[in-house]
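# Survey of secondary and tertiary structure
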Amino acid sequence: MEITVARKRLEEMRDDLDRSIAILAGEHPGPAAGAGYPQDPADAGSALTDTERTEAVLVSARGQRDEVLAALVRIEEQTYGRCADCGSEIPPGRLEARPDAARCLSCQAKRARRR
């Protein structure tokens, strides 16, 4: 993948993630919202589940954003497209599918097994 195309896609991904994070954070106002109003216990359980789900999505989106930012740094450092573990070239098809990929498939599989 050409570096300018990769940079553009990564910047678009970053912008999309920023928007998603802002929306999700807006839906997750914190404990002060609704304070002082009695709440049915069933509603409280539902709200907790929604809050936990929103928080999990936020954590995931922030993690994805970190990966995108790291890929942008690799472009600046001219190491984009090289595996962070073994140093071999990441196949163009992998970068096309995952422009934020930091590892070749083999090293990524090893990393996933360790987790």
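Definitions and limits used
Residues numbered from 1 in each chain as written. Predicted model: local features only at pLDDT ≥ 70, side-chain atom pairs only at ≥ 80, totals over all residues. Heavy atoms only, no water. Helix = DSSP H or I, 4+ residues; strand = E, 2+ residues; numbered from the N terminus. Buried < 20%, exposed > 50% of the residue type's maximum accessible area, 1.4 Å probe, protein only. Contact = heavy atoms within 4.5 Å. Areas by Shrake-Rupley, 256 points an atom, 1.4 Å probe, with all protein chains shown as cover. Expected span 1.5 Å × (residues − 1). Salt bridge = Lys/Arg side-chain N within 4 Å of Asp/Glu carboxyl O. Core = buried A, V, L, I, M, F, W, Y, C linked by side-chain atoms within 4.5 Å. pLDDT = per-residue confidence, 0-100.

## A look at the overall build of the chain
In terms of regular secondary structure, the chain is built from 4 helices and 0 strands. In the chain, the succession of helices and strands from N to C terminus is α-α-α-α. Across the 115 residues in the chain, those meeting the buried criterion constitute 23%. Taking all contacts inside the chain whose residues are at least 6 apart in sequence as the whole, residues at least 24 apart take part in 59%. Per element, the accessible surface of the chain, about 7800 Å² overall, is 54% carbon and sulfur.

## A closer look at helix α1 (residues 3–27)
Between its first and last C-alpha, α1 extends 36 Å over 25 residues, near the 36 Å set by a 1.5 Å rise per residue. Among the residues of α1, those classed as buried are Ala 6, Leu 10, Leu 17, Ile 21 and Leu 24.

## A closer look at the side chain of Arg 103
As for its position among the elements, Arg 103 is in the loop between α3 (92–97) and α4 (105–114). Residue Arg 103 is classed as buried on the basis of its relative accessible area, which comes to 14%. Setting aside anything within four residues of it in sequence, one finds Arg 103 in contact with Cys 83, Ala 84, Asp 85, Ile 90, Arg 94, Gln 108 and Arg 111.

## Describing the pattern of salt bridges
When charged atoms on two side chains of opposite charge get close, those side chains can pair. Under the criterion given, the structure shown has 10 salt bridges. In this structure, Glu 67 and Arg 98 form a salt bridge, with 3.3 Å as the shortest nitrogen-oxygen distance. Separated by 31 residues along the polypeptide, Glu 67 in helix α2 (residues 41–76) and Arg 98 in the loop between α3 and α4 bring together distant segments of the chain. Glu 67 sits in the partly exposed class, given a relative accessible area of 38%. Judged by relative accessible area, Arg 98 falls into the partly exposed class, the value being 39%.

## Here's the deal with the nonpolar core
By size, the foremost hydrophobic cluster in this structure holds 18 residues, and its most contacted members are Leu 10, Val 68, Leu 72, Ile 75, Tyr 80, Cys 83 and Leu 95. Those elements that place two or more of their residues in this core are α1 and α2. It is α2 that provides the largest number of residues to this core, a total of 6 residues. Apart from residues lying up to four places away in sequence, Leu 95 is in contact with Met 1, Arg 9, Tyr 80, Gly 81, Ile 90 and Ala 101.

## Details of the confidence of the model for the chain
On average, the chain scores 88 in pLDDT, and the residues at 70 or more come to 82%. Under a pLDDT of 50 for its full length, residues 31–37 has, in the predicted model, 0 contacts with residues more than four places off or in other chains.

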